[in-house]
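Below, each chain spelled out in residue letters.
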Amino acid sequence: MFMNVRKLILAGAASLLVVACAQEKKEGYVIEGEIAGIQTGTVYLKCYRNGAFEEVDSAAIENGKFTFKGTSDEPLAYALTTVKENKRPQVFFLSNESVQVKLDEMQKQLQVSGSPEQDLYAQYEGRVSEDAALMDSLFARHSDSPVSAYLFVRNLLSRLDYASVKAYRDRLDASLEGTEYVRQIDTQLALLSRLQVGAETPDFTLPDAEGNDVRLSSFRGKYVLIDFWASWCPDCRKENPVIVKAWNQFKDKNFTILGVSLDRKKEPWLQAIEKDGLTWTHVCDFKDWNSDVAKMYAVKWIPKSFLLDPEGKIVASGLEGDALLDKLQEVLK
């Protein structure tokens, strides 16, 4: 009897040891990779955090193969590239597991096996940006997946107003609270909450083409359209004729426009102003998307506009085409 009990205890201890070892092996990730067309060199592993892909590791390519080992605090979007400054690397989802990848940068292809999150990501990536119904389906079926939060952040977060973002946020499962991509959604919501209709807009000062400081609050007493744009933005240039029409129709009715450019260089900015006939006030700090004013106004997509009343409060935002002209006709009777 005593021997049987002892055997049971030993067997139990051995089982616990096996489980412990198995858990220990899963504490980090292992990426075993092959890369097409490259025998030697360096491959970079990046992770999407804080709104950008940040480099987390690099590995040598030997005979067309490479290996990464590390840990991830939560399932996140990672990416691989052989170009250190590449802003569009090949993306996949990874947690703490062993995966096998095949990378072909020439064909912009990445095959990944061994990651459940990647399987879900592969079903939806590249499709949800053009299909709102598909995003709704993803949220309905996988509200507890970080993949849903990530795809929303990458495809819709910067384009939607406060109410729309909050509606999606409320559908995410409580288990995702505090995770990376939900934090990004919450940060955007906090910004957008201060830019609602009726809110007083944050004041700012930027230089015009001659280097003179122009302050937003100096336009108080008039309706003001803050127009975020750039000479390199095709959609902005297509919208410019509408802005010109609005200017010509309403400039004598207590209305003005302040063009805030996200241009990188002065010359193309000035050329676009002249070519498109944009004869109102323009400012630019040449910081591109790093513009403090663009961040202040949660601008992650251009063209983007804010219509202010004479007290500097928001009347509407994101107006384009006929919607802009109709709104101006309404408030400037």
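Residues numbered from 1 in each chain as written. Predicted model: local features only at pLDDT ≥ 70, side-chain atom pairs only at ≥ 80, totals over all residues. Heavy atoms only, no water.

### Quick word on the state of the cysteines
Put simply, the rule reads: In this description, a disulfide is simply a cysteine sulfur pair whose atoms lie within 2.5 Å.
Per the stated rule, a full pass over the model turns up 1 disulfide. Paired through a disulfide, cysteine 233 and cysteine 236 show a sulfur-sulfur distance of 2.5 Å. Of note, the bridge from cysteine 233 to cysteine 236 carries an S-S torsion of about 80 degrees and is right-handed in sense. In this structure cysteine 284 is not part of a disulfide, and its nearest cysteine sulfur, from cysteine 236, lies 12 Å away.

### Structural notes on the pattern of salt bridges
In plain terms, the rule: Here, a salt bridge means any Lys or Arg side-chain nitrogen found within 4 Å of an Asp or Glu carboxyl oxygen. The numbering of helices and of strands both runs from the N terminus, where a helix is a DSSP run of H or I of at least 4 residues and a strand a run of E of at least 2. Exposed residues in this analysis have more than 50% of their type's maximum accessible area, buried residues have under 20%, and partly exposed residues fall in between, with area computed by a 1.4 Å probe over protein chains only.
Evaluation of the coordinates by the stated rule reveals 12 salt bridges. For the salt bridge of arginine 215 with aspartate 203, the shortest nitrogen-to-oxygen distance reads 2.9 Å. Here arginine 215 is found in strand 10 (residues 213-215), whereas its partner aspartate 203 is found in the loop between helix 6 (180-193) and strand 9 (205-207), with 12 residues between them in sequence. Take aspartate 203: its relative accessible area is 28%, and that puts it in the partly exposed class.

### Some points on the confidence of the model for the chain
Selection criterion: Confidence of the predictor at the level of single residues is given by pLDDT, which spans 0 to 100. A contact between two residues is defined here by any heavy atoms of the two lying within 4.5 Å.
Averaged over every residue, the pLDDT of the chain is 90; the share at 70 or more is 92%. In this model residues 1-25 is a low-confidence stretch, pLDDT under 50, and it forms 0 contacts with partners more than four residues away in sequence or in other chains.

### Things to note about the pairing of strand 11 (residues 223-229)
Stated formally: DSSP calls a pair of strands paired once it identifies at least 2 bridges connecting them.
Of all 7 residues making up strand 11, 7 are buried, and the element is well covered by its neighbours. Taking every second residue as pointing to the same face, both faces of strand 11 are buried, with Tyr223, Leu225, Asp227 and Trp229 on one and Val224, Ile226 and Phe228 on the other. Pairing geometry for strand 11 and strand 12 (residues 255-261), over 7 bridges, is parallel. Bridge pairing in strand 12 places leucine 225 opposite isoleucine 257.

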